[in-house]
Each structure stands twice: as C-alpha cells, then as structure tokens.
Amino acid sequence: MITKNIVNYDKKHSFVTGGSQGLGLSTAIELIKRGSNVTICARNKSKLSKAVDELTKYKVYDDQYIGYTIADLSDYSQTISALNKAKRDSGETPSMIFCCAGCSTPGWFAEMSVDNFMKDMQTNYYSALWTVKAATSIIIQDGIKDSHVTLVSSVLGFPLGLPGYSSYTPSKHAIRGLGDTLRTELQLYDIRTHVYFPGTIYTPGYETENETKPALTKKIEGAADGLTPQECAIALLKGIDKDEYQITSDFVGSLIKNISRGASPTNNILIDTFYLLIAAIAFPFWRIYMDYLVKSEKKVKNH
Ligand SMILES: NC(=O)c1ccc[n+]([C@@H]2O[C@H](COP(=O)([O-])OP(=O)(O)OC[C@H]3O[C@@H](n4cnc5c(N)ncnc54)[C@H](OP(=O)(O)O)[C@@H]3O)[C@@H](O)[C@H]2O)c1
Ligand SMILES: CCCCCCCCCCCCCCC[C@@H](O)[C@@H](N)CO
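Residues numbered from 1 in each chain as written. Chains lettered and ligands numbered in written order. Predicted model: local features only at pLDDT ≥ 70, side-chain atom pairs only at ≥ 80, totals over all residues. Heavy atoms only, no water.

Residues in contact with ligand 2 amount to 15 residues; listed here are only the nearest, Ser154, Tyr165, Tyr168, Glu209 and Ala282. Separating a nitrogen atom of ligand 2 from a side-chain N or O atom of Tyr165 is a distance of 3.3 Å. In this structure, a nitrogen atom belonging to ligand 2 sits 2.5 Å away from a side-chain N or O atom of Glu209. Among the secondary structure elements, those contributing two or more residues to the shell around ligand 2 are helix 9 (251–259) and helix 10 (269–301). (Near = heavy atom within 4 Å. Polar contact = N/O pair within 3.5 Å; in protein donor to acceptor, adjacent residues only side chain to side chain. Helix = DSSP H or I, 4+ residues; strand = E, 2+ residues; numbered from the N terminus.)

Right under this line is the structure:
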C-alpha cells in the first residue's frame, strides 16, 4: 500500500509531554529514530533523566538534541516556561507537539472523591489545552510553518460509556472537542491537528489504574486486547503520515470512530463506511450486554 504525505521530522524539534514513560516515551523513541530533536516534559526529574539516557541510545545524528523540561502541565505558567526552556536549550522552536501526558483513576462514581474528578480533568484536559496554547503561541510568534499538534484522547473519548471511567471519560471527550475546533482554526497558521484514540496500552499508567479499577470494568475492558506503547507510537506516527485527523489503532477504535464521526473528515470513505455498518449492527447488542453486566453487579453489591 502507498503511504502518502510522509511527515518529515528530520532535524525538527518535537516536544513530547508525558515523555518519561509509557506512550510518551515510546513516541519520543520513534521520533528520534526519524531524526527529530526531542524535548520530553513531565513532573518527576529522576524519571525524565532516566528516560533521556534511554532515548540517547536511539540517536541517528551525533548532534541530535535530546533534553527534558520539568513542569506540572496542569498549570499554564509552568507550561509556557517549559516550552520556552525547550526552545532556549535546543536553540529551536518546538514545532511537532505531542500531548501524551495523562492519567486515569477509575472507580465507582458513587464512591469516588471530588479530588479524583478534578485530578483526571486537570491532568488530561488542562495539560493538553495548556500545552497546545503555549506551543502554538510560540509557533505563531516565530512564524514556523508545517507544524503538527497531536492530542491523545482514548477510545473512551468517543461515546462508548464504560462503567468505572466517570472521572476519565469526560476529560477525553473534552480533548476530542478541543481537537475538532483546532483542526479547523489552526489551518490559519499551517498547523495540522491530529487526535489519537487508543484502546488499552500496557504502560506503567495502566498498571497504576488497575489498582483502583472495579472488577467489572476490568472484565469489560478485557474483551479487547491491548497494545504495547511501541505499537501505539508506531500506529500514531503512521496516522500522522497519512494526514489522518482522528487516528485509531484497533478494531474497536475504528468501529466507534466511524459511528460517531459527526462532521470530522474520513480517512478512507469505503473502509470507514464498512466500519460504520458493522458498528451500527453490533453496538446495540454490545450496549444491551453491558447494561446486563452492570445490573448483575447490583446483586453482587447488595450482598
Ligand atoms: N494506558 C492506557 O491504557 C491508555 C489508553 C488510552 C489512552 N491513554 C492515554 O495515553 C496517554 C499516555 O498514557 P500512559 O498510559 O502512557 O501514561 P503513563 O504511563 O501514566 O505516563 C504518563 C506520563 O504523563 C506524565 N504526567 C502525568 N501528569 C502530568 C502533569 N500534570 N504534568 C506533566 N506530566 C504529567 C507522567 O510523568 P510524571 O508523573 O513524572 O509527571 C508520565 O510521563 C495518556 O493521555 C492516557 O490517558 C492511555
Ligand atoms: C462489536 C462491538 C464490540 C465492542 C467490544 C467493546 C470492547 C470494549 C473495550 C473497551 C476498551 C477500552 C479501553 C480504554 C482504555 C483506556 O482509555 C484506559 N485504560 C485509561 O487509561
């Protein structure tokens, strides 16, 4: 198959949030293999420093820049400082922006604390919003062309409604809403927008979320296999190469994307319509099954 519009990362500066582990780290590795200069950003200094040691192994140029900045990206002032530091340290405006920072704290809605809801929204939505806001202000001010902004949502950013994810799902819907607007508006500045909607990724974050995840959520989620962060990073970059706006990397993602596409662009009208038809037939049965499982849980909880 011919892959069109291969994006050139060579000697460009990529800024990867959440780059100290999981999807962000794997994305940074794939970018380095493509000749990109890379800055990773997260909160924990020792994890960032260890990640830079790892990333250095994949260098393709002796003078390839690999660095880190520390920031809590849920805070706008820290975010703009991180972007400015990345530019200063490398001598180049970050123009390929990957918003991978995120977290998930599942649990039963009725049992979760208010802080839990705040944390997931701050970490997922606001960290992405502030990163894009800060990065695009520098890109526009510096007159950089051919830039890309990539947001990371989840298959739960589409209307799937999995029990146990009430603090996480709205933050991923918000990212999708942000992407929909940016896709149109950032064309003013030659900035392409992409949103990635992965299913399960086997990362350190996934291990952490499993500590609070209800057994029923695990069971439902287990119906679909996950991918490694490297597989996801490769799928993500492939989607960007094909200039896809909504990028998915598994079957469930392709189904749910196409039945909830709205006015978003298609990637391949024939294949996408095929997924839409399957989804239209299969999802009502899936929903009935899920509701049945939740109602059965009522009996478990009341014992
Ligand atoms: N794993 C999955 O099953 C899955 C599925 C779908 C979508 N996703 C999404 O994919 C993305 C990556 O997930 P992952 O599983 O790779 O996550 P992960 O292993 O938990 O890594 C999260 C990264 O984000 C950083 N981070 C968290 N909060 C931050 C903050 N406030 N400011 C700056 N950095 C912050 C973390 O470093 P520090 O803690 O040091 O800051 C770490 O580098 C997330 O957006 C997640 O929601 C994940
Ligand atoms: C024909 C319809 C079949 C439908 C099968 C649905 C299976 C549902 C599997 C959902 C997987 C959700 C994965 C979400 C993962 C993350 O977003 C989460 N782990 C947060 O980090």
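Its 12 residues place the ends of helix 1 (residues 22–33) 17 Å apart at the C-alpha level, agreeing with the 16 Å of an ideal helix rising 1.5 Å per residue. The element helix 1 is extensively covered by neighbouring structure, given that 11 of its 12 residues are classed as buried. When we look at burial in helix 1, the residues that qualify are Gly22, Leu23, Gly24, Leu25, Ser26, Thr27, Ala28, Ile29, Glu30, Leu31 and Ile32. Positive phi appears at Gly35, one or two residues downstream of helix 1, with a value of about 90°. (Expected span 1.5 Å × (residues − 1). Buried < 20%, exposed > 50% of the residue type's maximum accessible area, 1.4 Å probe, protein only.)

Now for the side chain of Gln64. Among the secondary structure elements, Gln64 is positioned in the loop between helix 2 (45–56) and strand 3 (66–70). For Gln64, the side chain forms a polar contact with the main-chain oxygen of Ile32, separated by 2.9 Å. Of note is the side chain of Gln64, whose polar atom sits 2.7 Å from the backbone oxygen of Ser36. Not counting residues within four places of it along the chain, the set of residues in contact with Gln64 comprises Ile32, Gly35, Ser36, Asn37 and Lys59. (Contact = heavy atoms within 4.5 Å.)

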